[in-house]
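Chain by chain, the residues run as shown.
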Amino acid sequence: MKTIIFSTAIRLLTPVFLLFSVYILFRGHNHPGGGFIGGLICSIAFVFHVLAHGPGVTSRVFFSVVLYYYSRPKSHSYTRYALRVLRANFRNKRDTDEPHKWSFVFLRIRPLYLVATGLLLAASSGIVSLLGQKPFMTSYWLKFELPVIGSIGTPSLFDLGVYLLVLGVVLQFIFIMSKE
Amino acid sequence: MVYLLLTGFLVAFAAPLLHHWLGRRVFVPLTLLPLIFSAYFIWQVPGVLAGETVTQSISWVPSLGVQLQFRLDGLSLLFALLVSVFGVLIMLYSRGYMGETPLLGRFYMYLTLFMVAMLGIVISDNFFCLFLFWELTSITSYLLIGFHQHKSESRTAAWQALLVTGAGGLALFAGLLLLGQASGEITFSGMMQSGMDIRGSSLYLPAMVLVMLGCFTKSAQFPFHFWLPNAMAAPTPVSAYLHSATMVKAGIYLLARLSPVFNSAEIWQFTLPLVGGITAVMGAALALKHTDLKAVLAYTTISALGLLVMLLGIGTDEATKAALVFLVAHALYKGTLFMVAGTLDHCTGTRQLPLLKGLGRRLPWVGAAATLAAYSMAGVYPSLGFVGKELLYESALHNNGTLGLVLGVALLAGMVFVAIALVLSFRIFWRKSSHPIALQHAASPYLFLPPLLLGLASLAGVSATTPLLLQASLSIAPELHTSGKLVESQGFSLVVQLSALTTLLGLILYLFTPRLHLRPFTTQDFPFGPDSLYHLLFSNFLSGSKRFIHTLQDGYLRHYLVYLLLFFCGLSCYVLWRDALVLHLGDRFYMLQSLRLYEVVLFILVVSALLLLLNTRSRLTSIVVMGLVGYSAALFYILFGAPDVAATQLLIETLTVVIFVLLLHKLPAFSYLSHQVFKLWYVFVAVLFGSVMTYVLLLVQENAVSSDLKDFYGEASYLQAHGRNMVNVILVDFRGLDTLGEITVLAVAAVGVYALLRLKPQKGGKP
């Protein structure tokens, strides 16, 4: 299914999908939506990306982090070193004429990590209330509202957990099935 | 007490780490632990002797009555002291016996865990608490028996012990629950005070039988005795500690603890002496025929346990006293003998009785320990064993109902004990031999000091333990009158004559033992014994379940579906038939008038799509049509005002179609392989399921339940949960725990899919 039109369209649409899914996630408390639907939309975005570009590209683009670093020479102060490393990682500017060599670590975010994180978030959102001597999963809400997102409380955290978990599960299926 | 147990668990789990840091010196902190335990319990002795009880309680799951309740009375203290003092010696001995093992830390961990669990059993007052520790001893026993995990016999024996004692544990749990239900009490102390009136209860008998089962399996009574000899595959310190002195006594402890509740029942008075008697005689007889030192000791242990059960079954004051004295005596001498056996094994490399000869000169201290223990085992005058035997005969003589049985069993078992005591001390160590066995190395102090100390205790323990024993028997039989002495000396009475007769008969039997050992036992000698029966059952169970799974789960998705649907239909039809639920459709035909146009259109769309689906041979078409049906369902949801459900349905439908498309080119070409009959069968199942579902749904609509639930959620979701979307609020807040469970299932499914699809089975290999 690697047609030019499809893959270009998907490239443009994926960010929109992702943004929309996050919107749906936070909208869920007052309007139709929520973690499950948001997670599904998000995963559908990635599913289409996989369809258009193949799982290798998807996981490289969205699910991997490359961290650059170098061993600090004596001449560099800590501040300078930190600034350089930050610049290399965030603005992707690396001075190549330096005497030191850049090395990097390649971190892959596997879908199962997402599943685990989601489960952890969802389960730990209920633990908050245990600290306040209340039964498990008693909800707490912040007194003020955040702009755009709205009110935030432990159920939002729970919803976020569901979102991540659903995303992880679908990605797990898709990556494995499309690889075979 | 709670802190003691907690410290124990912490130290136990730290043992591997300690071994890493300290190397072989790890035994120092781990010996200190039981030493502290012993000091604590000794410190409690004066109070308990004065009749006080120490109690402590921590609530755990108050809604179920599960509490960590501990109570220290005479009986508990006796056992606790036994466990902890014995623990000190065993820890020292393990250093000598297991010192070279690289897994010493792990061994100490298991052993300490067991010790703490055993202490937990004897001091817990709550049923649940007791059961918890009871099962923990079973598990640690499993781990310890299977400690030499590279040997298959160790593994089998460990399995066997776990299955037998674990099954017994379950029976015990059921029994305790029934007992709790019958009396309304879940503590032993509560039972003693108010639980006496449960005898009329209908649950009394099943509770008693179940408790007896639990105790019999734990204490290796006939016909569950077979795991104990096999458990001798464990390292010898374990055999000495778990399988002679403490764990197998847990059943005895519980029988003693509950005997005030049960001992007036006839079944109790009948079963216990009978089972105990059979066990005692059988254990004694088998002990004579074996030549492996540890097997001999194991069978005499079984025999002794049988005697104990018999005594508890008699249940008179003398019998109770006798049981406790004999229990302590047996723990002391049998522990000593086991340790001696281990030392011999370590020093000479064999445990075969005919080979072990003339060792007294070269292992004098070991010999001394064995002799001291043998005195007690044979029941010769100054030892604790003598007092035990004296009391045994006395209680037998004072009990008219079962006089013959008890006396006969006691005489037979005592005779064998004398003979075996002679074999273990005199023949191995002191008889002159022309072919003494060669020593591989001398015994280190760790190997001979603990048994020697224990042997001394079994000889000198009479005066030291008397008050405690009396106090312990008081906590079983509250109306017991004590005169501060265990035995009323009556001169050269019938009891003493019987005792002398036993010794004499034992001496004669000893002279015949070489002849008995000419052809030692093998497992083939008992093709229908409980052990063979167990193995037969075990292997048949395995192969049976394999066959069952192979027939039920043959790998065809359609078969699974058929099973599921048929089961569901059967269940629904049964309920419909049972409650005779009839549909009254006639009253509702008028509702068809209010049908809206787009509903009719959607309906026609779905039906025609389905008809198309049945006739197509192309996979792509069927996928698209299935998608169409799904989307129409989503439209229905929207029409009836459920946007959340509709959104989910839409998304899931999309995903399904996309995933199908992804996999489409990997599937083989479409072909009809099923026979026509099967096709009809599938059609039948589908139609059946569809019609049952329709019928049930119509019924549900007809008998719609009015509830306040909707109003409640409507109000509460905004006022209490700050959300206007009721569905979502229910999902993440009101029923958040359900959702948590569901997403956990989802996560597990993801891991399962990962495991299944990532394993790439070789062709023809195992998947």
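Rules of the game
Residues numbered from 1 in each chain as written. Chains lettered and ligands numbered in written order. Predicted model: local features only at pLDDT ≥ 70, side-chain atom pairs only at ≥ 80, totals over all residues. Heavy atoms only, no water. Helix = DSSP H or I, 4+ residues; strand = E, 2+ residues; numbered from the N terminus. Rg over C-alpha atoms; globule rule 2.2 N^0.38 Å. Contact = heavy atoms within 4.5 Å. Areas by Shrake-Rupley, 256 points an atom, 1.4 Å probe, with all protein chains shown as cover. Lys, Arg positive; Asp, Glu negative; His and termini not counted. Charge placed at Lys NZ, Arg CZ, Asp CG, Glu CD. Salt bridge = Lys/Arg side-chain N within 4 Å of Asp/Glu carboxyl O. Buried < 20%, exposed > 50% of the residue type's maximum accessible area, 1.4 Å probe, protein only. Domains from an automatic or database assignment. Polar contact = N/O pair within 3.5 Å; in protein donor to acceptor, adjacent residues only side chain to side chain. Nonpolar A, V, L, I, M, F, W, Y, C, P; charged D, E, K, R; others polar. Phe/Tyr/Trp six-rings, centres within 6.5 Å; stacked < 30°, edge-to-face > 60°. Expected span 1.5 Å × (residues − 1). Axes fitted to C-alpha atoms, helices over the stretch in contact; angles between N-to-C directions. Parallel < 35°, antiparallel > 145°, perpendicular 65-115°, else oblique. Left-handed = near helix turned anticlockwise from the far one by under 90°. Patch = residues over 30% accessible without salt bridge, like charges linked within 9 Å, V, L, I, M, F, W, Y side chains within 5 Å.

Focus on the overall build of chain A
No. 1: Scanning chain A for helices and strands turns up 6 helices and 4 strands.
No. 2: For chain A, the α and β elements follow one another from N to C terminus as α-α-α-β-α-β-α-β-β-α.
No. 3: A compact globule built from 180 residues should have a C-alpha radius of gyration of about 16 Å, whereas chain A, at 21 Å, is more than 25% larger.
No. 4: Seen through its C-alpha atoms, chain A measures out along the principal axes to roughly 60 × 50 × 30 Å.
No. 5: Counting contacts in chain A only where the partners sit at least 6 residues apart, residues at least 24 apart contribute 64% of the total.
No. 6: As displayed, chain A has an accessible area near 10200 Å², and 68% of this comes from carbon and sulfur atoms.
No. 7: Across chain A, the centroid of the 18 positively charged side chains sits 3 Å from that of the 6 negatively charged ones.

Overview of the overall build of chain B
No. 1: For chain B, the helix and strand inventory stands at 28 helices and 2 strands.
No. 2: Relative to the compact-globule value of 27 Å for 767 residues, chain B shows a C-alpha radius of gyration of 35 Å, a clear excess of over 25%.
No. 3: Projected onto the principal axes, the alpha-carbon positions of chain B cover approximately 110 × 60 × 50 Å.
No. 4: Long-range contacts, defined as pairs at least 24 residues apart, comprise 79% of the intrachain contacts of chain B with a sequence gap of at least 6.
No. 5: Separation between the mean location of the 43 positive side-chain charges and that of the 32 negative ones in chain B comes to 20 Å.

Topic: the pattern of salt bridges
Residues and elements named next belong to chain B.
No. 1: Scanning the entire structure with this criterion turns up 8 salt bridges over all chains.
No. 2: Here Arg351 and Asp292 are joined by a salt bridge, their closest N and O atoms 3.0 Å apart. On the criterion of sequence distance, the pair formed by Arg351 in the loop between helix H14 (317-348) and helix H15 (364-378) and Asp292 in the loop between helix H12 (266-289) and helix H13 (293-314) is long-range, its members being 59 residues apart.
No. 3: Close ionic contact of Asp345 with Arg351 constitutes a salt bridge, the shortest N to O distance being 3.5 Å.
No. 4: By relative accessible area, which is 23% here, Arg351 ends up partly exposed.

Regarding the domain arrangement of chain A
Reports of interface size often rely on the accessible area that becomes lost once the parts have come together.
No. 1: Domain parsing of chain A yields domain 1 (4-63 + 109-179) and domain 2 (65-107).
No. 2: Using C-alpha coordinates to define each centre, domain 1 of chain A is positioned 32 Å away from domain 2 of chain A.

A look at the interface of chain A and chain B
No. 1: Counting residues at the interface gives 41 residues for chain A and 38 residues for chain B.
No. 2: Linking chain A with chain B are 0 salt bridges.
No. 3: Connecting chain A to chain B are 2 residue pairs in polar contact (both at pLDDT 80 or more).
No. 4: Those elements that place two or more of their residues in the side of chain A that touches chain B are helix H2 (35-53), helix H5 (111-131) and helix H6 (154-179) of chain A.
No. 5: Top contributing element to the side of chain A that touches chain B by residue count: H6(A), with 14 residues.
No. 6: Class assignment of the residues belonging to the side of chain A that touches chain B gives a composition of 29 nonpolar, 10 polar and 2 charged.

Comments concerning the packing of aromatic side chains
All names here are of chain B.
No. 1: Here the structure, examined in full by the defined rule, presents 33 aromatic pairs over all chains.
No. 2: Arranged with centres 6.5 Å apart and planes meeting at 45 degrees, the rings of Phe70 and Phe133 form a pair that is tilted. Of this pair, Phe70 sits in strand E2 (residues 66-72) while Phe133 sits in helix H5 (residues 127-145), placing them 63 residues apart in sequence. Here Phe70 matches Phe133 in class, with each residue buried.
No. 3: Ring centres of Tyr93 and Tyr97 lie 6.0 Å apart, and the angle between their planes is 20 degrees; on these two criteria the pair is classed as stacked.

As for helix H24 (residues 643-664) of chain B
No. 1: Between the first and last C-alpha of H24(B) there are 31 Å, a value that for 22 residues agrees with the 32 Å anticipated at 1.5 Å per step.
No. 2: Every buried residue of H24(B) is accounted for by Asp644(B), Ala646(B), Thr648(B), Gln649(B), Leu651(B), Glu653(B), Thr654(B), Leu655(B), Val658(B), Ile659(B) and Leu662(B).

A closer look at the packing of H5(B) against helix H6 (residues 152-183) of chain B
Residues and elements named next belong to chain B.
No. 1: Between H5 and H6, the shortest axis-to-axis distance is 8 Å and the interhelical angle comes to 175 degrees. One element, H5, and the other, H6, form an angle in the roughly antiparallel class.
No. 2: Tallied by class, residues from the contact of H5 with H6 come to 19 nonpolar, 6 polar and 1 charged.

Here's the deal with the packing of H5(B) against helix H11 (residues 247-262) of chain B
Residues and elements named next belong to chain B.
No. 1: Between H5 and H11, the least distance of the axes is 10 Å, while the angle of their chain directions is 155 degrees. Considering their axes alone, H5 and H11 lie roughly antiparallel with respect to each other. The handedness of the crossing between H5 and H11 comes out as left-handed. On the side of H5, the interface is formed by Leu130, Trp134, Thr137 and Ser141, while H11 contributes Met247, Ala250, Gly251, Tyr253 and Leu254.
No. 2: Grouping the constituent residues of the contact of H5 with H11 by class yields 6 nonpolar, 3 polar and no charged.

Some thoughts on the side chain of His49(A)
Residues and elements named next belong to chain A.
No. 1: Within the element layout of this structure, His49 appears in helix H2.
No. 2: A relative accessible area of 5% places His49 in the buried class.
No. 3: When sequence neighbours within four positions are dropped, the list of residues in contact with His49 reads Ile10, Thr14, Gly54, Val57, Thr58 and Phe62.

Digging into a nonpolar patch on the surface
Residue and element names in this part refer to chain A.
No. 1: Residues Val65, Leu67, Tyr69, Val105, Leu107, Ile109 and Tyr113 make up a contiguous nonpolar surface patch of roughly 550 Å² in combined accessible area.
No. 2: Elements that contribute at least two residues to the nonpolar patch include exactly strand E1 (64-69) and strand E2 (103-108).
No. 3: The dominant element in the nonpolar patch, judged by the number of residues it contributes, is E1, at 3 residues.
No. 4: Counting through the fold element by element, Leu67 comes out in strand E1.

Side note on the side chain of Ser259(B)
No. 1: If you trace the backbone, Ser259(B) turns up in helix H11.
No. 2: When near neighbours in sequence (up to four residues on either side) are disregarded, Ser259(B) contacts Trp268(B) and Ile476(B).

What about the environment of Asn126(B)?
Residues and elements named next belong to chain B.
No. 1: Looking at the secondary structure, you find Asn126 in the loop between helix H4 (104-123) and H5.
No. 2: Overall, the relative accessible area of 0% leaves Asn126 in the buried class.
No. 3: Placed 62 residues apart in sequence, Asn126 and Phe188 show a C-alpha to C-alpha distance of 6.6 Å.
No. 4: When near neighbours in sequence (up to four residues on either side) are disregarded, Asn126 contacts Gly65, Val66, Gln67, Gln69, Ile186, Thr187 and Phe188.
No. 5: Side-chain polar atoms of Asn126 contact the side chain of Gln69, separated by 3.1 Å.

Quick notes on H13(B)
Residue and element names in this part refer to chain B.
No. 1: Helix length check: H13 (22 residues) gives 32 Å between terminal C-alpha atoms against 32 Å at 1.5 Å per residue, within 8%.
No. 2: Taken across its 22 residues, H13 has 22 buried, putting it largely inside the fold.
No. 3: The N-cap residue of H13 is Asp292: its side-chain oxygen and the backbone nitrogen of Lys294 are 3.2 Å apart.
No. 4: Of the residues one or two after H13, Gly315 is the one with positive phi, at around 75 degrees.

A short note on the environment of Gly105(B)
All names here are of chain B.
No. 1: Tracing the backbone through its elements, the reader meets Gly105 in helix H4.
No. 2: Classification of Gly105 by relative accessible area gives buried; the value is 2%.
No. 3: Separated by 556 residues in sequence, Gly105 and Val661 have C-alpha atoms that sit 56 Å apart.
No. 4: Discounting chain neighbours no more than four positions away, the residues touching Gly105 are Ala15, Pro16 and His19.

Re the environment of Ala220(B)
Residue and element names in this part refer to chain B.
No. 1: Relative to the assigned elements, Ala220 resides in the loop between helix H8 (204-218) and helix H9 (227-230).
No. 2: Ala220 gets classed as buried once you look at its relative accessible area, which sits at 0%.
No. 3: Between the C-alpha atom of Ala220 and that of His243, which follows or precedes it by 23 residues, the distance is 9.6 Å.
No. 4: Ignoring anything within four residues of it in the chain, the contact list for Ala220 reads His225, Trp227, Leu228, Thr279, Ile302 and Leu305.

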